[in-house]
Structure formats: structure tokens, C-alpha cells
Amino acid sequence: MNATPTTAPIDGAALLDKVEAFHRRFNVFPTEHAYVAVALWDAHAHLMDALDGTARIAFLSPEPGSGKSRALEIVETLTPRAATTVNASANALFRLVSADEGTPTLLFDEIDTVFGPKAGGNEEVRGFLNSGYRRGAKSLRCVGDGSEQKAAFFPSFCAVAMAGLGSLPDTILTRSVIIRMRKKAPNEKCEPYRRRVHEKQGHILRDRLADWTATLHDQVAEAWPEMPEGVTDRPADVWEPLLAVADAAGGHWPARARAACIELIKSAASNDEASLGVRLLTDLRDKVFCGVDKMPTAAILEVLLSLDDSPWADLSEDGQAIKPLTARRLSKLLSQYVRPDNTPIKPKGIRVGSTTPKGYYAEDLTDAWNRYCRPAPQESATSATSATPQFNQGESVAEALPGTRHMFAETATPTLRSVV
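Remember, it's a predicted structure, so these values are computed and weren't measured experimentally.

> What is the right way to look at the overall build of the chain in this model?
The helix and strand tally for the chain stands at 16 helices and ten strands. Within the chain, buried positions represent 45% of all 420 residues. Considering only residue pairs separated by 6 or more positions, the chain has 69% of its internal contacts joining residues 24 or more positions apart. Surface exposure of the chain reaches about 21,800 Å², of which carbon and sulfur atoms provide 51%.

Structure representation (C-alpha cells):
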């Protein structure tokens, strides 16, 4: 009796090596970790029916000609049912995801035209991208003609890759693996991409990825990959599907994936602009109060506006002209956060000599500092007071009256005097 021929199992690690090598032919990524992340992302796009969540991936750069669109082109050849768009309505996106052909891989080129400063709100598209990272996400839409319209739910769960100039809304960035592209240096070379030749080569790898990932459905669906130390919350949600793929591949991929996870999260944290509110809270803690228990608004603004490499001297709001931070804007930003008793942080009258200027107490800010700011620098509070306004005698606020409550007084001039 002749034995039934069997198909040899696919070596997942070797296949991912080939996917990575294919990217290297045409892309110059900023770090080795980026190649690891992109190869894993390509593979994870084939496993949408096994995953509870998906990582967005964003190729971003400050200038054109940095290889973002080329990166999307290569991803397009390696992912299932790839659909590239430069601009699309939310309704079109919902219908595409719910089509009978299967879950697409959406590729947004020039995403800055969707979310850039001149693009308007695009809240519906933003809602689609924000919700579609998790399985079961749906949005309610009306379908039908004229008066015959009926409400229907449309799914939004799918893999999404984006490329654009500048940055993206925080809600999207925090759900994304961020690859910060840059122009090639003179000594950096890559192979020119010719679609009619190289697309077919990419499709061969795509089909091989489909065959391999088809054997991983149950394994990935039940996987709980071990996260690197310190990776929790939303970053863990982003990287979990990629680490699950790496663990399934084996070989050197689990270790490389976790190294890439740590480094790209760290890079995103150091390069990403924190929300303006968190930046304000952090600057208040580390650059303004520095151990002081209360401070008038005028003194706070003086310190903030004097800080180098800070946004406070050049703010814009709701498309208005750029202007420095004002007491009103300061109050508006801080009122988003609450005191320990769950009431909004608001300015209060502070007794300073015979006057009671408006200002803020550190005890009202402490809870928000603990919840939203990264851990404070290791230096002592007194060593971090260089940006704090000085008394006429040259003493810093933190050093002036040890063990007592001490304050600035607001005067008609920028000079601040001590209050005894």
C-alpha cells in the first residue's frame, strides 16, 4: 500500500527571516528592531480570525522622501486582501470591512491628510481606527434609500497600516507600533522596487505566510505571551499579537520580538509628544513647584514661559493665532484633572501678605501627578529648582524658608519678592 503523501511543516522562523529580508531589499528602516516589528506585523495580519486585538503600525516622518510609502507598498504585497487608500469615508471603510470577501488589511497612505492640521476633524474615521483594534468592535450606521433607511451594525476590526508626515492623534498613536522613518544617508542603499517584478515575489511570500498561519489558529487564539518587564496596559495590548506570532515561529524570534518591543515602546515614549495636559502636569511638578506647597498663577506662568524646549510660549487653540499660555488657558487645562476629593483642579485664593492672588496648591495637584506623570527624576527637589524664580536675595523658593510654608507674591514688575 502506498503511503499518503504529507506536506512538510513550514519552518515559521525561517519564513519570517525571508519576510524580513524582503523588506530589507527595499526599505531602510531606522533601527534593526523596526524590521522585526514589521515582519511580525505582516504575519499577524493573516491571523485576524484568531486574535482578540490587532496592532496598528504607523510609518511616520517629519519630511517627505523618507520611505514611508515604499514601506506600505512592501506591506501591501505581504498581507491578505490588502486595500490601499489615501482618503476614504468612514462609511466606505465600514462596508469594506464587512464585505463577504473577508477581513481586509487597510493601508492608509498620506494619513496626515486625514488627521493633519488642515484636514478638519475626521472624527468618524478616527472613531473607526480607534475602535477597530479589538475584535467585536462595531458601529451603528443607517443603510437603505430615502425613508427606507434602517439602522445596522458594521464591524471595524481589521489590521491597519498607516504612513504620513508629522504625527497622529494620541488615541491612534497609543494603539500603534511606531516606526519613525528618515531620509536615507548617503551610505545607505536599497534595491529599487519595481512593482511588475517584485510584487509577484512578495505575493509568493504572502501565500506562504497564509499557509503557515493557517496552522497556527488554535495556538495563537489560546496564547498568552509573556510580556517584557514593565510592558503593561495599552503597550501590552499592542504587542501581544506580535509576540504571539514570534513565539509560534520559535528560533530567535521570541527574543528578538521582545527586544524590539522594549526598544520601540521606549522610542515612542521619548519621541511622542505627550498630551498637553500631561506635559503641563509634569512641568509643574519638575520645573515649577519643586517642593513648594503653593504658588500664584503669575509666578507659575513666569516659570513656564521661561522654559527652553517647551510649548508654553507658542500655543494655539482651536485654530486661533499662536500666543503664550495664559492664566485662563492654564485653568482650562488643569480643570481636566481632579483633586483627591474628585473635584476639578481650580485656582484658589492664596494669602500672600495683605493680598490674596489666585494660584494653586501642590496638594491639589499631587494625585494627578501620581496618576499621569512618569516617575520624577532621581535628583532631589532642591537640585531641580534652577528654573524656579528667585527671591531678590538670590534664594530659590525651595531653599528660602525650610520647614515652613512659603510663597511668591505677585507684583507689578517681573521681580518677585520674599514674603515673611
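> Before we go on, may I ask you to explain the sheet that holds strand 8 (residues 294-296) in this structure?
Backbone hydrogen bonds hold the strands of a sheet together, and the pairing may be parallel or antiparallel. One open sheet holds the three strands; their spatial order is 8-10-9, and the pairing between them is antiparallel. Each of the sheet's edge strands pairs with one partner strand only, and the pair in question is strand 8 and strand 9 (348-349). Inspection of the sheet shows strand 8 paired to strand 10 (residues 358-361) by three bridges, in the antiparallel sense. Directly across from P296, in strand 10, lies its bridge partner G359.

> I tried to follow the sheet that holds strand 6 (residues 159-165) on my own but got confused; where do I start?
With parallel pairing, five strands are arranged side by side in an open sheet as 2-3-6-1-7. Looking along the sheet, the strands with just one partner apiece sit at the ends: strand 2 (82-85) and strand 7 (176-180). Averaged over all pairs of adjacent strands, the angle between strand axes in this sheet comes to 15°, irrespective of strand direction. Alignment of strand 2 against strand 3 (residues 105-108), held across four bridges, turns out to be parallel. By the bridge assignment for strand 3, T85 is matched with F108.

> Help me out: how do you make sense of helix 12 (residues 276-289) in this one?
One turn of an α-helix holds 3.6 residues; hence residues three or four places apart share an orientation. Under the 1.5 Å per step criterion, the end-to-end length of helix 12 is 18 Å for 14 residues, consistent within 8% with the ideal 20 Å. At D283, helix 12 is bent by approximately 35°, the largest bend along its length. Within helix 12, eleven of the 14 residues are buried, which leaves it mostly tucked inside the rest of the structure. What helix 12 keeps buried is the set G277, V278, L280, L281, T282, D283, L284, R285, D286, V288 and F289. On the buried face of helix 12, the contacting elements are strand 8, helix 13 (297-306), helix 14 (327-334), strand 10 and helix 15 (362-372). One or two residues past the end of helix 12 sits C290, with phi positive at roughly 50°.

> It is not clear to me how unusual backbone geometry should be interpreted in this structure. Could you clarify?
When glycine is set aside, most residues are seen to have a negative phi, and most peptide bonds are trans. Of note, C290 is a non-glycine position whose phi angle comes to about 50°, a positive value. Structurally, C290 is set in the loop between helix 12 and strand 8. We classify C290 as buried; its relative accessible area is 4%. At N342, a residue that is not glycine, the phi angle is positive and equals roughly 75°. Along the chain, the position of N342 falls in the loop between helix 14 and strand 9.

> Looking at this structure, I do not really get the pattern of salt bridges. What am I missing?
If charged atoms from side chains of opposite charge come close, those side chains can pair. On inspection of all chains with the given rule, the structure shows 17 salt bridges. Here E263 ties to K266 by a salt bridge, and the two come within 3.7 Å at their closest N and O atoms. Of this pair, E263 and K266 both sit in helix 11 (residues 253-271), three residues apart, which is roughly one turn of that helix. Classification of E263 by relative accessible area gives partly exposed; the value is 33%. A salt bridge links R279 to D283; the nearest nitrogen and oxygen atoms lie 3.2 Å apart.

> Hey, could you run me through the nonpolar core in this one?
Soluble, globular proteins show a tendency: their nonpolar side chains are buried together. Judged by nonpolar contacts, the single largest core of 59 residues is most densely connected at F59, V177, I179 and W239. Counting 28 residues, the second-largest nonpolar core is a separate cluster that includes V278, M295, V303 and A368.

Reading guide: rules and limits
Every chain's residues receive numbers from 1 upward, in the order its sequence appears when written. Thresholds applied to this predicted model are a pLDDT of at least 70 for local features of residues and 80 or more for the giving and counting of side-chain atom pairs; totals over whole chains, interfaces and linings are not thresholded and use all residues. Computation of side-chain values covers all heavy atoms of the structure but excludes hydrogens and water. A run of H or I in DSSP counts as a helix once it spans at least four residues, and a run of E counts as a strand once it spans at least two, with each numbered from the N terminus. The cut-offs for exposure are 20% and 50% of the maximum accessible area for each residue type, with area from a 1.4 Å probe on protein chains only; residues under the lower value are buried, those over the upper are exposed, and the others partly exposed. We call two residues in contact when some of their heavy atoms are within 4.5 Å. Each accessible area is a Shrake-Rupley result for a 1.4 Å probe, and residues are judged covered by the shown protein chains and nothing else. Note on pairing: DSSP must find at least two bridges between two strands before they are called paired. Axis definition: a line fitted to C-alpha atoms, over the contacting stretch in the case of helices. Angles run 0 to 180 degrees between N-to-C directions. In a helix, the anticipated span is given by 1.5 Å times the number of residues less one. What the bend at a residue measures is the angle between two axes, fitted to the seven residues ending there and to the seven starting there. Throughout this description, the term salt bridge denotes a Lys or Arg side-chain nitrogen within 4 Å of a carboxyl oxygen of Asp or Glu. To form a nonpolar core, buried Ala, Val, Leu, Ile, Met, Phe, Trp, Tyr and Cys residues must be joined to one another through side-chain atoms within 4.5 Å.

Purely geometric stuff here, so don't read any function into it on its own.
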